[in-house]
Structures are given as C-alpha cells and as structure tokens.
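# Structure at a glance
Here is what each chain is made of, one letter per residue.
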Amino acid sequence: MPRLIADAGRSTEALVVYVGHGDIAEDGHAFLTLLDRDQAARYSTVIDALDADFIHLLVEACHILGVIGS
C-alpha cells in the first residue's frame, strides 16, 4: 500500500469500528464472536496491515472488558 501521505511528512490515522457480539469461553476467556474465532489473525491481517501512524479501535460488544483486559 502506498504511503503517499506519510511520505509527504503527514501522519496517517485509521478508524476501525467493531459492533457485534462477545462471549466467554469455557476456560473463562472473553472473546469477540468472529466468524473464525481467530482474533490474533484479525489483528495481524486487518489492524497491523493498515500501516497507519495512529489506529483508533472502537469496539461495542458484550464482555468487552474481558477482551481488552480490564
């Protein structure tokens, strides 16, 4: 992905919004109910791939405090 804005000396920002469901697994860990339940892959393939200087992640889901590690 070209970094034209950053190359021009400006910072880049991205806003990602997830509104959906969260749940608690049998082992007590909270998770977002994604189709494949692979949250680590979501971070690397979606969030990290944005390659922005600042990434704002807004999440509205059940059990979110367990997901973010309150």
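Placed above this text is the structure.
We now turn to the structure provided with this report. (Residues numbered from 1 in each chain as written. Predicted model: local features only at pLDDT ≥ 70, side-chain atom pairs only at ≥ 80, totals over all residues. Heavy atoms only, no water.)

## Focus: the overall build of the protein
Secondary structure summary: the protein contains three helices and four strands in total. Moving toward the C terminus, one meets the helices and strands of the protein in the order α-β-β-β-α-β-α. Of all 70 residues assigned to the protein, the portion counted as buried reaches 19%. Put simply, 65% of the contacts in the protein that link residues at least 6 apart link residues at least 24 apart. (Helix = DSSP H or I, 4+ residues; strand = E, 2+ residues; numbered from the N terminus. Buried < 20%, exposed > 50% of the residue type's maximum accessible area, 1.4 Å probe, protein only. Contact = heavy atoms within 4.5 Å.)

## Description of unusual backbone geometry
One non-glycine residue with positive phi stands out, namely Asp-51, at about 50°. Tracing the backbone shows Asp-51 in the loop between α2 (39–47) and β4 (54–60). On the accessibility criterion, Asp-51 (43% relative accessible area) is partly exposed.

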